[in-house]
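Residue-level listing of the chains:
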Amino acid sequence: MYEEILGVNVWTALFTLANTLLLFFVLKKFLFKPVMKIIDDRQKEIDDLYQSADTAKSQANEMRDEYQKKLEEARETGDKIISDAVTRAQSREEEIVSKANKEASAILEKAQEDIALEKKKAMGEVKDNISVIAVSIAGRVVERELTPADQSRLVDSFIDDLGDLS
């Protein structure tokens, strides 16, 4: 009766339902589980790849930071070396200038001493010459009596003798 109205055979429908359920359980057992396992394994592999990529990126960042730190330390060391070299050069320059000034002062002092010594020698020679001339004049004066004209001639002669000595 129902078959005639609906056109469906109950046993065929039950058999189709049983086949569908059986097919569902068989596919679930032999297809869905392996496929899900493959999908889960692939997902785990992808997660591992992301994890290793993150680790590599982290290590690269650490290495970059370490490199930049070492580079900055190298710059600071270079700056310190240059600063020390400049300081040493300035110190050496001051030392050389000081030494040169001392040497120049010593040379100047020696020259002044030599000048003073030469001046003393010259003055000694002039005194010797003056005394010789004075003795000579005295000898002439003693030989004769001086008139004002003779006295004037003696002084002129003395002055000329001084001119000849210089």
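Residues numbered from 1 in each chain as written. Predicted model: local features only at pLDDT ≥ 70, side-chain atom pairs only at ≥ 80, totals over all residues. Heavy atoms only, no water.

Trainee: Break down the overall build of the chain for me, citing the residues and quoting the values.
Mentor: The helix and strand tally for the chain stands at three helices and zero strands. Start at the N end of the chain and walk to the C end: the helices and strands fall as α-α-α. Summing over all exposed atoms, the chain offers an accessible surface of approximately 14,900 Å²; the carbon and sulfur share of this is 62%. (Helix = DSSP H or I, 4+ residues; strand = E, 2+ residues; numbered from the N terminus. Areas by Shrake-Rupley, 256 points an atom, 1.4 Å probe, with all protein chains shown as cover.)

Trainee: Requested: an account of the pattern of salt bridges, with residues and values cited.
Mentor: Tallying each qualifying case throughout the model produces ten salt bridges. Measuring nitrogen to oxygen at the nearest pair gives 3.4 Å for the salt bridge that ties D65 to R64. Here R92 makes a salt bridge to E95, at a shortest N to O gap of 2.7 Å. Residue R92 and its partner E95 are located together in helix α2 (residues 10-143), separated by three residues, close to a single helical turn. (Salt bridge = Lys/Arg side-chain N within 4 Å of Asp/Glu carboxyl O.)

Trainee: Quick one: what's the story with the packing of aromatic side chains, residue by residue and with numbers?
Mentor: All told, the structure shown has one aromatic pair when counted by the stated rule. Here F24 and F25 contribute two aromatic rings whose centre-to-centre distance is 5.6 Å and whose plane-to-plane angle is 65°, an arrangement assigned as edge-to-face. The partly exposed category is assigned to F24, whose relative accessible area is 41%. (Phe/Tyr/Trp six-rings, centres within 6.5 Å; stacked < 30°, edge-to-face > 60°. Buried < 20%, exposed > 50% of the residue type's maximum accessible area, 1.4 Å probe, protein only.)

Trainee: Which residues make up the confidence of the model for the chain, and what are the values?
Mentor: On average, the chain scores 85 in pLDDT, and the residues at 70 or more come to 86%. No element of the chain has a lower mean pLDDT than helix α1 (residues 2-6), at 60, and none a higher one than α2, at 89. (pLDDT = per-residue confidence, 0-100.)

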